[in-house]
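# Residue-level structure breakdown
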Amino acid sequence: MAFYVYMVMNPTTGALYIGHTDDISRRAHEHRHGLLPGWSRDHACKKLVWYAEFESRDAAKQREWQMKKWKRDWKLRQIEEDNPDGADLYERLNW
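Each chain has its residues counted from 1, running along the sequence as written. The model is predicted, so local features are restricted to residues of pLDDT at least 70 and side-chain atom pairs to those at 80 or more, both for listing and for counting; the totals for chains, interfaces and linings are taken over all residues. Side-chain measures here rest on the full set of heavy atoms in the structure, leaving out hydrogens and waters.

### Things to note about the side chain of His-31
Applied cut-off: By definition, any uninterrupted DSSP run of H or I lasting at least four residues is a helix, any uninterrupted run of E lasting at least two residues is a strand, and each is numbered from the N terminus. Under the scheme applied here, a residue whose accessible area is under 20% of the maximum for its type counts as buried, over 50% as exposed, and between as partly exposed, the area being computed with a 1.4 Å probe on protein chains only.
Structurally, His-31 can be placed in helix α1 (residues 24–32). For His-31, a relative accessible area of 4% puts it in the buried group.

In structure tokens, the structure reads:
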């Protein structure tokens, strides 16, 4: 089973949310449609701009916690390196 760390963004305000999940397609759908209450819905973070796969939940959680401590510039640099066009990766997920 794969686990993921991901970033969703509000492209208008630039708000970023980092989370982890074992089902990136479902979680991206939930963010995109604001299905779950919380910070990301309150800040309209709907655009999936980055994600990475991990072999264990613990590895994904550890990476999420590390990234949440990063400076904003570092997070944006990670997105730019892996998604230079700033595409909504939600559209590329295999359903």
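### Describing helix α4 (residues 72–82)
Selection rule: Read the arc as the range of directions from the helix axis to the C-beta atoms. Contacts are assigned to residue pairs with any non-hydrogen atoms lying within 4.5 Å of each other.
Within α4, the full set of buried residues consists of Lys-75, Gln-78 and Ile-79. For α4, the angular spread of the buried residues around the axis is 95°, confining them to a single face. Turned more than 90 degrees off the buried face of α4, the exposed positions are Asp-73, Glu-80 and Glu-81. On its buried face, α4 is in contact with β1 (3–9), β2 (16–21), β3 (47–54) and α3 (57–68).

### Examining the sheet that holds β3
This is how it is decided: Whether two strands pair depends on DSSP finding at least two bridges between them. Comment: axis = line fitted to C-alpha atoms, over the contacting stretch for helices; angle = value between 0 and 180 degrees taken between N-to-C directions.
Strand order in the open sheet formed by 3 strands is β2-β1-β3, and the pairing between neighbours is antiparallel. Each end of this open sheet is capped by a strand with a single partner; those strands are β2 and β3. In this sheet, neighbouring strand axes are inclined to one another by 20° on average, regardless of whether the strands run parallel or antiparallel. Bridge count for β1 against β3 is 7 bridges, and the pairing is antiparallel. Bridged to Phe-3 within β3 is Phe-54.

### Examining the nonpolar core
Going by this rule: By nonpolar core we mean a set of buried residues, namely Ala, Val, Leu, Ile, Met, Phe, Trp, Tyr and Cys, connected to one another through side-chain atoms within 4.5 Å.
Core analysis: the largest hydrophobic core is formed by 14 residues, its most contacted members being Val-5, Met-7, Leu-16, Val-49, Trp-50, Met-67 and Ile-79. Among the elements of the structure, β1, β2, β3 and α3 are those that each provide at least two residues to this core. If you look at the next biggest cluster of nonpolar residues, it comprises 12 residues, including Ile-24, Ala-28, Leu-89 and Leu-93.

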